[in-house]
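A structural walkthrough
Chain by chain, the residues run as shown.
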Amino acid sequence: DYQLNLAQQHDLPVIIHHRQSHDKIIPFLKKFQLARTGIIHGFSGSLVQAHKYLELGFVLGLGGALTYDRAQAMRKMVKALPHTAYVLETDSPDMAPAFARGEVNSPLNVPQIGHHIARLRQEPLAHIYAHSTENFRRVIIPKG
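What comes next is a walk through the structure. These numbers come from a predicted model, not from an experiment. (Residues numbered from 1 in each chain as written. Predicted model: local features only at pLDDT ≥ 70, side-chain atom pairs only at ≥ 80, totals over all residues. Heavy atoms only, no water.)

Focus: the side chain of Arg75
Stated precisely, the cut-off is as follows: To qualify as a helix, a DSSP run of H or I must reach at least 4 residues; to qualify as a strand, a run of E must reach at least 2; elements of each kind are numbered from the N terminus. Each residue is assigned to one of three classes by its accessible area relative to the maximum for its type, calculated with a 1.4 Å probe on protein chains only: buried under 20%, partly exposed between the two thresholds, exposed over 50%. By the counting rule applied here, Lys and Arg register as positive and Asp and Glu as negative, while His and the ends of each chain are not counted. Should a side-chain nitrogen of Lys or Arg be within 4 Å of a carboxyl oxygen of Asp or Glu, the pair is scored as a salt bridge. Two residues form a contact once any of their heavy atoms are found within 4.5 Å.
Counting through the fold element by element, Arg75 comes out in helix H4 (residues 72–80). The buried charged residue Arg75 lacks any salt bridge partner; its closest oppositely charged side chain belongs to Asp69, at an N-O distance of 4.0 Å. Leave out the neighbours within four places in its chain, and Arg75 touches Leu66, Thr67, Tyr68, Asp69, His116 and Leu120.

Here it is as structure tokens:
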């Protein structure tokens, strides 16, 4: 609440970092009605939850979690997202992707995560990068 008030006062974007609490966070953000939104970091929720964040103007941070074999539901969700919905990210130094399991995570893994998303969505990698960059700029960089 306090940090969201600060963001609102100073026209700053927010990065929401939470675990397994989408159904509590979404109504709170809806009630708060931020003039400027941001990124839902490390998103691994459902497609329904994704759309609720998107309706509020947020974008979803997609990272290494979707590279694990057990992430089938997340993969389906990523395939169904509009191109305006995501940014590529990492959770360095934590949450290493499957291809770097047991290693310290690094932003150097982001290109491989992009490749993974491109394969899932059957889109050129250049489109994934362009959409991620455009979405980042839309919610993070101030207008004007």
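Topic: the pairing of strand S3 (residues 59–62)
Spelled out, the test is: The pairing criterion is simple: DSSP has to find at least two bridges between the two strands. Place the viewer so that the strands point away; then a crossover is right-handed whenever the path from the first strand over the helix to the second strand goes clockwise.
Sheet topology note: the strand S2 (residues 38–40)/S3 ladder contains two bridges and is parallel. Each bridged residue has a counterpart across the sheet, and for Ile39 the counterpart in S3 is Val59. Where S3 meets strand S4 (residues 86–88), three bridges bridge the pair, whose relative direction is parallel. Across the sheet, the residue bridging to Leu62 is Leu88, located in S4. Crossover connection from S3 via H4 to parallel S4: handedness right-handed.

Considerations on the nonpolar core
Counted only if it meets this: Throughout this description, the term nonpolar core refers to a set of buried Ala, Val, Leu, Ile, Met, Phe, Trp, Tyr and Cys residues connected via side-chain atoms within 4.5 Å.
The biggest cluster of nonpolar side chains holds 31 residues, and the ones touching the most others in it are Leu29, Ile40, Tyr53, Phe58, Leu62, Val78 and Ile117. Counting residues per element, this core draws most heavily on helix H5 (residues 110–121), which supplies five residues. The residues contacting Tyr53, other than those within four sequence positions of it, are His18, His22, Ile25, Ile26, Leu29, Ile40, Phe43, Phe58 and Leu60. Ranked by size, the runner-up nonpolar core spans five residues in total, among them Ile39, Val59, Val87 and Ile140.

As for the sheet that holds S4
Applicable threshold: Each axis is a line fitted through C-alpha atoms, and for a helix only the stretch in contact is used; angles between axes span 0 to 180 degrees, taken between their N-to-C directions.
Pairing is parallel across the open sheet formed by four strands, whose spatial order is S1-S2-S3-S4. In the strand order of this sheet, the two ends are held by strand S1 (14–16) and S4, each with one partner. Pairs of neighbouring strands in the sheet enclose a mean axial angle of 30°, with direction left out of account. Across the sheet, H5 lies against S3 and S4, angled at about 140° from S4, the strand it touches most.

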